[in-house]
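Analysis of the macromolecular model
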Amino acid sequence: ASDIDTDVLAQASRGVYDDAALEGVDPARRARHFERTPEGWRVKDSLRALVSFKRVNFLDEVWPIQTKFDAVLCRNASIYFAPPVQQRLFGRLIDVLEPGGWLLVGHAEVLHGFEHQLEARPGGMYRSRATAVRAAAPSPVARPSAPALARAEAPRPSAPRPSAPRTVLRPP
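Conventions used here
- Residues numbered from 1 in each chain as written.
- Predicted model: local features only at pLDDT ≥ 70, side-chain atom pairs only at ≥ 80, totals over all residues.
- Heavy atoms only, no water.
- Helix = DSSP H or I, 4+ residues; strand = E, 2+ residues; numbered from the N terminus.
- Buried < 20%, exposed > 50% of the residue type's maximum accessible area, 1.4 Å probe, protein only.
- Core = buried A, V, L, I, M, F, W, Y, C linked by side-chain atoms within 4.5 Å.
- Contact = heavy atoms within 4.5 Å.
- Salt bridge = Lys/Arg side-chain N within 4 Å of Asp/Glu carboxyl O.
- Phe/Tyr/Trp six-rings, centres within 6.5 Å; stacked < 30°, edge-to-face > 60°.
- Lys NZ or Arg CZ within 6 Å of the ring centre and 35° of its normal.

This part is about the environment of Phe81. Positionally, Phe81 belongs in the loop between strand S6 (69-75) and helix H4 (83-95). For Phe81, a relative accessible area of 7% puts it in the buried group. Measuring from C-alpha to C-alpha, the distance between Phe81 and Leu59 comes to 9.9 Å, with 22 residues separating the pair along the chain.

In this structure, Phe58, Trp63, Val72, Leu93, Leu103, Leu111 and Leu118 are the most contacted members of the largest nonpolar core, which totals 23 residues. Going through the elements one at a time, S6, H4 and strand S7 (97-105) are the ones with two or more residues in this core. Among the elements that take part in this core, H4 stands out by supplying 5 residues, more than any other. Apart from residues lying up to four places away in sequence, Leu111 is in contact with Phe90, Ile94, Leu103, Val105, Leu118 and Tyr126.

Moving on, we come to the pattern of salt bridges. If you walk through the whole model with that rule in mind, you get 7 salt bridges. Of the charged contacts, one joins Glu119 and Arg121 as a salt bridge, the two residues approaching to 3.1 Å between their closest N and O atoms. Given a relative accessible area of 32%, Arg121 falls into the partly exposed group. Salt bridges sharing partners connect three or more residues here, namely Glu35, Arg42, Asp45 and Arg48.

Moving on, we come to the packing of aromatic side chains. Applying the stated rule across the entire model yields 2 aromatic pairs. Consider the rings of Tyr17 and Phe34, whose centres lie 6.2 Å apart with planes at 85 degrees: the pair is edge-to-face. Of this pair, Tyr17 sits in strand S2 (residues 16-17) while Phe34 sits in strand S3 (residues 34-37), placing them 17 residues apart in sequence. Relative accessible area serves as the criterion here: at 34%, Tyr17 is assigned to the partly exposed category. The buried category is assigned to Phe34, whose relative accessible area is 13%. Ring centres of Phe58 and Trp63 lie 5.7 Å apart, and the angle between their planes is 50 degrees; on these two criteria the pair is classed as tilted. Judged by relative accessible area, which is 7%, Trp63 ranks as buried. One cation-aromatic arrangement involves Arg30 over Trp41; the distance from NZ or CZ to the ring centre is 4.9 Å.

Structure, rendered in structure tokens:
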């Protein structure tokens, strides 16, 4: 799991949820993956061991990710960026997908220019094509360097700054 906000990461890594957060969770599933503690429902260590927590800034040139993933969930984060940054972000997210892996984005986020790498599915789901090879540029939009992105393509001032874009990266 990743986020730009270290406080959010600290809370998530604790893995403790109140009754309301787990209200819709099937009791059998809750019993399998959570244990009751005085603080609330805590994710069991066997499940917590499968998740690592990393701070990721989408504008950084290098991400602290050294593996490929079967699924990447990045919902409603790109909407805060200008189209050239969105293109660069989606390209980088595709780069960390295993062939046949899934990229899930928010319903308002549409990927253009990645048809050779992804197969669109309903509901903001995209599946990595098993034979996809990364093209130099998926669309006419150039991928600017990180300094240019920081200067020219920072989050739009009129939109509220995302306090914590949620990206869940799950290793295979």
